[in-house]
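# Architecture at a glance
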Amino acid sequence: MTNDHSWNDANFETRAIHAGQDPDSATGAVITPIYQTSTYAQEAIGKLKGGYEYSRSDNPTRTALQEALASLESGTWGLAYASGLAATQNIAYLLRPGDHVLLSNDTYGGTFRLFDKVLTNFGIELSLADLSNLDAAKAAIRPNTKIVWVETPTNPYLRIVDIAGMAELVKARDIRLVVDNTFASPYLQQPLSLGADLVLHSTTKYLGGHSDVVGGAVIGNDGDVYETLKFHQNAAGAVPGPFDSWLTLRGIKTLGVRMDRHSANAARVAAWLGEQEAVDTVYYPGLESHPNHEIAARQMKGFSGMVSFTVKGGFKVAAKIVEKTKVFTLAESLGGVESLIEHPGKMTHASVAGTGAEVEDTLIRLSVGIEHVDDQIADLEQAIAAATTRELIGASTHHAD
Ligand SMILES: *Cc1c(COP(=O)(O)O)cnc(C)c1O
């Protein structure tokens, strides 16, 4: 549905609470109702009462979510899906056999898997490049490239892609720039304003924010693309239910305050990790030592809550750390209020094994939540201490893993 323009002049935090979410016109309910219905009464054949006919096509709770998403990304329209990958699939329907897609070489594993294992069956060509390097991106563009698919910050290495630079690169060509804005959220980064054509979200992450719902979204400005994607959304049917839409909206209301705290806590955790003997490299775009820090500071309002780091002593030490934390729960996913820890090589990124896009086996990824940062650091400290006893390091050196 299209942007609820009545809130366009308001600031982000205000739009997060109100855009698309005016009190219910029928009852005055302050909070958008969960319209848990599959179908709608018609006044006469084809004469709809409130514009709604069937909930795969449209549902009022989903409409509210779509208007809020459009507003938050400064787009003219937003579409919500049953998952981030359902949203990705809907964008992929814009492609035709023989078209080429250029993906970052550390893209979310599931996005890579969808293109590599499913869409290549339909004649889509795929290649990977380090898109944080614009020269490498330029060299990887082919005459039949139709989509450049950017994630920034990337997952799990938190590289930063220069969105405005990439938009400039594809502008003269018949290429769509899609930015997966999941790791930053619209509060910290506005890809459409930087020249992207489409923004994709796994709303499962920061937008939902409470690890209680799976969802996806696409936001853009081009009206023709909206008509096509809206048709795909209904035709393929991977829509979020009313309750899932409502949970996502509920999460969105607090996005700004959550992102501020996620960012502040992650900055503290990253700085602390950098001082630890057992830690090798810390990847966090907020650190001045980060190779893309300058671009991150330019295109982001904050650096978000994702931190990755490698440890000394091999896989066993990394595995032990992720199993020893308590404040940080060992789990996939990210972006919720609670802290999560994971081993990308064996978990989120296991599907890239053998593709050349592998991650180091000493890499640990954190989704830094909004618990008290002192408790987060104390938890990491005890886990690292438990994992780096002399015996363990000695053993792993002997086995050279
Ligand atoms: C989780 C995630 C996805 C996929 O979204 P789902 O909601 O799990 O389908 C896509 N991109 C990024 C960056 C993600 O973290």
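Above this note sits the structure.
Below you will find a few notes about this structure.

What counts, and at which threshold
- Here the residue index of a chain counts from 1 through its sequence in written order.
- Reporting of local features is limited, given that this is a predicted model, to residues whose pLDDT is at least 70; pairs of side-chain atoms are given and counted only at 80 or more, and all residues count toward the totals for whole chains, interfaces and linings.
- Hydrogen atoms and water are omitted, and side-chain values are computed over all heavy atoms in the structure.
- In this description a helix means any DSSP run of H or I spanning at least four residues, a strand means any run of E spanning at least two, and both kinds are numbered starting from the N terminus.
- Only C-alpha atoms enter the radius of gyration; for comparison, a globular chain is expected to reach 2.2 Å times N to the power 0.38, where N is the number of residues.
- Here's how the labels work: a residue is buried when its accessible area is under 20% of the maximum for its type, exposed when over 50%, partly exposed in between, all with a 1.4 Å probe on protein chains only.
- Contact criterion: two residues are considered in contact whenever any of their non-hydrogen atoms come within 4.5 Å of each other.
- For accessible areas, the Shrake-Rupley method is used with a probe of radius 1.4 Å. Any residue's cover is judged against the shown protein chains and nothing else.
- Positive residues here are Lys and Arg, negative ones are Asp and Glu, while His and the chain termini are left out of the count.
- Just so you know, the charge point we use is NZ for Lys, CZ for Arg, CG for Asp and CD for Glu.
- Using only the protein atoms, space was sampled on a 1 Å grid; points where a 1.4 Å probe fits but cannot get out form cavities, open sets with protein on both sides within 12 Å along at least five of seven lines form pockets, and lining residues are those with an atom within 4 Å of a point.
- Grid points are joined across faces, edges and corners, and a volume is the space filled by probe spheres set on the points.
- All amino acids are sorted into three groups, where Ala, Val, Leu, Ile, Met, Phe, Trp, Tyr, Cys and Pro are nonpolar, Asp, Glu, Lys and Arg are charged, and the leftover types, Gly among them, are polar.
- Should DSSP find at least two bridges between two strands, the strands are taken to pair.
- Axis lines are fitted to C-alpha atoms, over the contacting stretch for helices. Their N-to-C directions set the angle, which ranges from 0 to 180 degrees.
- Surface patches are drawn from residues lacking salt bridges whose relative accessible area is over 30%; two like charges belong together within 9 Å, two nonpolar side chains (Val, Leu, Ile, Met, Phe, Trp, Tyr) within 5 Å.
- Should a side-chain nitrogen of Lys or Arg be within 4 Å of a carboxyl oxygen of Asp or Glu, the pair is scored as a salt bridge.
- What qualifies as a polar contact is a pair of N or O atoms within 3.5 Å, subject to a donor-acceptor requirement within protein and to the restriction that residues adjacent in sequence count only when both atoms come from side chains.

## Points about the overall build of the protein chain
Summing up its helical and strand segments, the protein chain has 14 helices and 14 strands in all. Its C-alpha atoms give the protein chain a radius of gyration of 22 Å, within 12% of the compact-globule value 21 Å for 401 residues. Expressed along its principal axes, the backbone C-alpha trace of the protein chain runs to roughly 80 × 50 × 35 Å. Relative to its full complement of 401 residues, the protein chain shows a buried share of 54%. Within the protein chain, counting contacts between residues at least 6 apart in sequence, those at least 24 apart form 73% of the total. Carbon and sulfur atoms form 53% of the exposed surface of the protein chain, whose accessible area is close to 16500 Å². Treating the 32 positive side-chain charges of the protein chain as one cloud and the 47 negative ones as another, the clouds have centres 3 Å apart.

## Re empty space enclosed by the protein
All chains considered together, the criterion is met by three cavities of 30 Å³ or more. In this structure, the largest cavity occupies an estimated 50 Å³ of space. Along the walls of the largest cavity sit Gln 21, Ile 31, Thr 32, Trp 246, Leu 249, Arg 250 and Lys 253, which together make up its complete lining. Here the residues of the lining of the largest cavity are counted per class, giving three nonpolar, two polar and two charged. The calculated volume of the second largest cavity comes to roughly 40 Å³. Every residue along the wall of the second largest cavity is listed here: Leu 65, Ala 80, Tyr 81, Thr 203, Val 214, Gly 215, Gly 216, Pro 240, Asp 244 and Thr 248. Contributing elements (two or more residues each) for the lining of the second largest cavity: strand 3 (77–81) and helix 9 (242–252). Tallied by class, the residues present in the lining of the second largest cavity amount to five nonpolar, four polar and one charged.

## Quick notes on the sheet that holds strand 8 (residues 198–202)
Paired through their backbone hydrogen bonds, the strands of a sheet run either parallel or antiparallel. Read from one edge of the open sheet, seven strands run 3-9-8-7-6-4-5, paired in mixed fashion. With one partner strand each, in any of the chains shown, strand 3 and strand 5 (125–129) form the two edges of the open sheet. When strand polarity is set aside, the average angle formed by the axes of neighbouring strands in this sheet is 20 degrees. Contacting strand 3 and strand 9 (216–220), helix 2 (residues 60–72) runs over the sheet at an angle of about 130 degrees to strand 3.

## Topic: a negative patch on the surface
Taken together, the side chains of Asp 197, Asp 222, Asp 224 and Glu 227 define an acidic patch exposed on the protein surface. Tracing the sequence through the fold places Asp 197 in the loop between helix 7 (185–188) and strand 8.

## So, unusual backbone geometry
For residues other than glycine, phi is negative in most cases, and the peptide bonds are mostly trans. In this structure, Pro 153 follows Thr 152 across a cis peptide bond, with omega equal to -5 degrees. Residue placement: Pro 153 occurs in the loop between strand 6 (145–151) and helix 6 (163–171). A cis amide bond links Asn 155 to the next residue, Pro 156, at an omega of 5 degrees. Among the structural elements, Pro 156 can be located in the loop between strand 6 and helix 6. One non-glycine residue with positive phi stands out, namely Leu 158, at about 55 degrees. Looking at the element boundaries, Leu 158 is found in the loop between strand 6 and helix 6. A positive phi is found at Ser 304, a non-glycine position, where the angle reads about 70 degrees.

## Focus on the sheet that holds strand 11 (residues 306–311)
Taken in spatial order, the five strands line up as 10-11-14-13-12 in an open sheet, and their pairing is mixed. Taken across any chain shown, the strands that pair with only one partner, and hence form the sheet edges, are strand 10 (279–283) and strand 12 (329–330). Here strand 10 pairs with strand 11 via three bridges, running antiparallel. From the neighbouring strand, Val 282 faces strand 11, where its bridge partner is Phe 309.

## Focus on helix 3 (residues 84–92)
The buried fraction of helix 3 is high, at seven of nine residues. Within helix 3, the full set of buried residues consists of Gly 84, Ala 86, Ala 87, Thr 88, Asn 90, Ile 91 and Ala 92.

## Here's the deal with the side chain of Asp 162
Within the secondary structure, Asp 162 is located in the loop between strand 6 and helix 6. On the basis of relative accessibility, which here comes to 14%, the residue Asp 162 falls in the buried class. Side-chain polar atoms of Asp 162 contact the backbone nitrogen of Ala 164, separated by 3.3 Å. Here the side chain of Asp 162 touches Gly 165 through a polar contact of 2.8 Å, landing on its backbone nitrogen. Beyond its immediate stretch of four places on either side in the chain, Asp 162 contacts Leu 134, Ile 295, Arg 298 and Gln 299.

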